[in-house]
Structure formats: C-alpha cells, structure tokens
Amino acid sequence: MNHFLWVCALGPALLAEALLARYEVLAYGAGWRAPATELPDGVPYARGAAPDSPPDAYLVYLDGIGKRRLRDTRDGGQLVKALIAGAPELRVLGQVQPYSPLAEPLADRPVWAWLRRRIGLLLFLHNVMQIFVAADHRYRPLYNQAVGCQIATQLRLAGYQADSGVPVVLLSYSGGAQVATGAVDELHTQLRTPLLLITLGGFHNGANDLTCAEHVHQLTSASDWIERVGTWIFPQRWRLFRRSGWNRARRAGKISVHRLDPATHLGPRSYISPQVQLPDGRSHLDRTTDTVIALIRAHHSATVTGRGPVAMRASTGARSAGSGTHGARSTS
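Keep in mind that what you see is a predicted model, and the values were worked out from it rather than measured.

Digging into the overall build of the chain
Okay, step 1: Assigned secondary structure in the chain consists of 10 helices and eight strands.
Okay, step 2: In the chain, buried positions account for 55% of the 332 residues.

Written out as structure tokens, the structure reads:
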C-alpha cells in the first residue's frame with residue numbers, strides 16, 4: 001500500500017514537473033521574460049584573482065542537480081573554496097544557474113520556498129527535468145542559447161573582456177555537463193574565448209557540438225554508476241552514432257579521460273568528499289581539486305608557450321597522472 005501511495009503522489013508530481021520545466025525556456029524564447037543579471041548584495045560576481053589584472057583563466061562552476069541558490073550548495077562550496085585556495089591565479093564564478101534559462105535561483109521563488117518545507121524532493125525533480133529539457137532536440141537550441149548568454153553575461157560582469165584570449169574553463173558536475181557542452185557555441189560567439197571543458201561525473205546526452213571547445217577532460221570513476229547511466233540511455237554517446245557532437249570530438253582527439261577511482265557520484269565517498277582518504281593521505285576532495293588545477297595550469301602553459309593542442313594533451317596527461325589520477329588517456 002505504501003508503494004502505491006508513493007506512485008500516486010510522484011506520478012502527478014513528475015507530470016507537473018515535465019510541463020513546468022519547459023516553461024522557462026519557452027518564456028525565454030518568446031521574449032516574455034528577460035534573464036536576471038544582477039546579483040544580490042553580498043554575492044560577488046567572481047572570487048579568487050583580483051579583477052585589476054587578467055587572471056590566468058576564468059573558471060565557471062556548473063553544479064549538479066543540487067544547485068538551488070546563487071551560492072554553491074552541493075558541498076557547501078568546498079570544491080570552489082579549495083580551487084580558489086589552491087589556484088589563486090584563477091577567477092572563479094559559482095553563481096550561474098544551470099537549471100534556469102531565466103537565471104532565477106529555484107529556492108528563492110516563493111512557491112518553491114513553500115514546497116521545500118513540505119516536499120523537498122520536488123526541488124530535485126525540477127532540476128532533473130531541466131536536464132532532460134536541455135537534452136531534448138526540440139528545446140536544446142533555445143536552452144543552450146539561454147544558459148550560454150547567462151554565462152557570458154556573468155563573465156562580463158566579473159571583468160572578462162571579449163577577444164582577450166584569456167581561457168574560460170567550464171567545470172561541471174553531473175548534469176551540469178549537459179549545460180556546459182551546450183553553452184560552448186554561444187560563449188564562443190559572444191566572447192571569442194578559448195574554452196576548456198572539465199566534466200566531473202558528467203551526465204549529458206552527447207549531442208552538443210564541441211567544435212569550438214579546445215579540449216574536454218572527462219573526470220570519471222568505475223564506481224560512478226550515475227555517469228554510466230548517461231552513456232547508456234543517450235544514443236549520441238554510443239560509438240555507433242558517429243556524427244554526434246561527442247563522437248566527432250572523440251575522433252578529433254579532443255576528449256581525454258582521467259580516472260578518479262574509487263570515487264562515487266554521491267555520498268561519503270564522492271569525488272568531493274573531504275572525509276575519505278586515499279592511500280597517499282589526500283581526501284577525494286583534495287585529489288579532485290589537484291587534478292582540476294593541474295589540467296588548467298597545463299592548458300595555460302601550453303597556450304602561453306604556443307605548443308598547440310597535441311602538446312597540451314600530452315602535458316595534461318602527464319601532470320594529471322602526477323597529481324593523483326590513475327593516468328589519463330585520449331579517447332580518440
């Protein structure tokens with residue numbers, strides 16, 4: 001009986017979310033509402049390197065489905081804080097709302113604040129549904145444009161200058177990878193920026209064009225079953241679909257895989273867990289932070305010395321292996 005009641009309760013909730021999740025992207029496309037741009041008092045446009053001189057790179061963190069506010073939520077902001085502490089040469093943005101084409105934090109909406117106190121699960125269902133809206137071929141172009149514009153706007157407000165040549169790193173967790181891969185074209189069009197993508201347990205459909213991305217680093221683990229589900233349910237991730245954006249990037253040598261075994265997608269042994277220690281004494285959070293920083297620094301070094309993409313891939317593979325991954329391999 002209890003299972004029947006859960007089905008009766010969740011069924012209408014899922015149907016309502018499936019309908020509501022499309023509202024924002026349709027409202028954006030029709031021009032009914034403009035995306036929010038200003039941040040409330042106390043929320044900076046970026047942290048880390050000072051805005052008075054160009055940083056080595058701008059890093060935009062796109063969180064997983066736990067993202068409900070302007071401030072980082074999944075782990076209390078520990079990953080972002082660790083990146084800022086470990087790489088003070090970066091300017092880091094954590095306020096982008098990957099699951100809102102209108103750039104509105106979910107938890108700040110009155111109706112959702114009421115629901116959160118009563119049916120917290122709906123907050124997660126909303127963001128899950130947004131991932132599938134972003135992956136749906138009917139809505140994907142609009143969704144990609146909306147969130148790409150949101151990221152570009154936040155980068156400008158954080159001091160980014162178009163055509164400056166300063167790299168932009170899109171670091172995405174879980175479903176944030178769907179948004180990151182979709183934002184590539186719009187960011188390149190608006191800012192003409194060198195783009196580096198780093199996915200952490202990335203859940204995405206593989207359909208987005210990655211031609212304008214310089215490289216994609218896929219941080220994964222054999223224990224991450226949620227990421228594996230994404231590779232199973234989306235045909236564009238299958239090697240059979242050679243013309244998908246993901247597989248074209250794979251054949252172009254743009255995708256490198258870095259193993260973070262035995263990390264899991266969620267829970268106390270996740271990629272960003274500060275408690276569980278590895279044999280070398282570091283926590284999972286420490287290793288993930290070190291790996292991300294090593295990849296960014298290798299990319300910056302290759303860009304400065306003009307060694308090109310091939311040399312950059314070799315360098316990032318060597319340095320990330322040295323920073324605690326179980327090696328790196330190209331998926332070409």
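Remarks on the environment of D52
Okay, step 1: In this structure, D52 sits in the loop between β1 (47–48) and β2 (57–62).
Okay, step 2: The class of D52 is exposed, set by a relative accessible area of 69%.
Okay, step 3: Each C-alpha atom of the pair D52 and G159 lies 8.6 Å from the other, and the pair is 107 residues apart in sequence.

Concerning the packing of helix α2 (residues 78–86) against helix α9 (residues 284–305)
Okay, step 1: Where α2 contacts α9, the axes come no closer than 10 Å and their chain directions differ by 50 degrees. Considered as vectors, α2 and α9 are oriented oblique to each other. As for how α2 packs across α9, the hand of that crossing is right-handed. Touching Q78, L79, A82, L83 and G86 of α2 are L285, T288, T289, V292, I293 and R297, all from α9.

Focus: the packing of aromatic side chains
Okay, step 1: Inspection of every chain in the model, using the stated rule, returns four aromatic pairs.
Okay, step 2: On the basis of an interplanar angle of 70 degrees and a centroid distance of 5.6 Å, the ring pair of F203 and F234 is categorised as edge-to-face. Of this pair, F203 sits in the loop between β5 (195–200) and β6 (215–220) while F234 sits in the loop between α7 (225–233) and α8 (245–251); the two residues are 31 residues apart in sequence, bridging distant segments of the chain. Here F203 matches F234 in class, with each residue buried.
Okay, step 3: Considering the side-chain rings of W238 and F241, the 6.0 Å spacing of their centres and the 65 degrees angle between planes classify their relative orientation as edge-to-face.
Okay, step 4: For F241, a relative accessible area of 38% gives the class partly exposed.
Okay, step 5: Positioned over the ring face of W246 is R237, at 4.9 Å from the centre of the ring.

Describing the pairing of strand β7 (residues 255–259)
Okay, step 1: In terms of burial, β7 is largely enclosed, as four of its five residues are buried.
Okay, step 2: In the sheet, β6 pairs with β7 via five bridges, with the strands oriented parallel. Each residue of the ladder has a partner; that of L219, found in β7, is H258.

Observations concerning the pattern of salt bridges
Okay, step 1: As enumerated under the stated definition, the model contains six salt bridges in all.
Okay, step 2: For R297, the salt bridge goes to E89, with nearest N and O atoms at 2.7 Å. Of the two residues, R297 is situated in helix α9 and E89 in the loop between α2 and β3 (90–93); the sequence distance between them amounts to 208 residues.
Okay, step 3: With a closest N to O distance of 3.3 Å, R248 and D209 form a salt bridge. One end of the pair, R248, is in helix α8; the other, D209, is in the loop between β5 and β6, and 39 residues separate them in sequence.
Okay, step 4: Judged by relative accessible area, D209 falls into the partly exposed class, the value being 29%.
Okay, step 5: Residues participating in the shared-partner salt-bridge network are D280, R282 and D290.

Concerning the environment of L155
Okay, step 1: One can find L155 in helix α5 (residues 140–157).
Okay, step 2: The spacing of L155 and V60 is 95 residues in sequence and 8.4 Å in space, taken between C-alpha atoms.

So, unusual backbone geometry
If a residue is not glycine, its phi is most likely negative; likewise, a peptide bond is most likely trans.
Okay, step 1: Look at the link from D261 to P262: it is a cis peptide, with omega at 5 degrees.
Okay, step 2: Its identity is not glycine, yet S174 carries a phi of approximately 55 degrees, on the positive side.

Thoughts on a nonpolar patch on the surface
Okay, step 1: A cluster of nonpolar side chains, namely F132, W232 and I233, defines an oily patch on the protein surface of about 320 Å² accessible area.
Okay, step 2: Taking relative accessible area as the criterion, I233 reaches 43% and is therefore assigned partly exposed.

Section: α7
Given 3.6 residues to a turn, an α-helix orients residues that are three or four positions apart in the same direction.
Okay, step 1: Regarding α7, the residues found buried are I226, E227 and G230. Seen end-on, α7 carries its buried residues on one side only, within an arc spanning 105 degrees. Facing away from the buried side of α7 by over 90 degrees, the exposed positions are W225 and W232.
Okay, step 2: In this structure, the buried residues of α7 make contact with β6.
Okay, step 3: Two to three positions downstream of the cap, the backbone nitrogen of I226 sits 3.2 Å from a side-chain oxygen, assigning the N-cap of α7 to D224.

What counts and how
Residues numbered from 1 in each chain as written. Predicted model: local features only at pLDDT ≥ 70, side-chain atom pairs only at ≥ 80, totals over all residues. Heavy atoms only, no water. Helix = DSSP H or I, 4+ residues; strand = E, 2+ residues; numbered from the N terminus. Buried < 20%, exposed > 50% of the residue type's maximum accessible area, 1.4 Å probe, protein only. Axes fitted to C-alpha atoms, helices over the stretch in contact; angles between N-to-C directions. Parallel < 35°, antiparallel > 145°, perpendicular 65-115°, else oblique. Left-handed = near helix turned anticlockwise from the far one by under 90°. Contact = heavy atoms within 4.5 Å. Phe/Tyr/Trp six-rings, centres within 6.5 Å; stacked < 30°, edge-to-face > 60°. Lys NZ or Arg CZ within 6 Å of the ring centre and 35° of its normal. Pairing = 2+ DSSP bridges. Salt bridge = Lys/Arg side-chain N within 4 Å of Asp/Glu carboxyl O. Patch = residues over 30% accessible without salt bridge, like charges linked within 9 Å, V, L, I, M, F, W, Y side chains within 5 Å. Areas by Shrake-Rupley, 256 points an atom, 1.4 Å probe, with all protein chains shown as cover. Arc of directions from axis to C-beta. Polar contact = N/O pair within 3.5 Å; in protein donor to acceptor, adjacent residues only side chain to side chain.

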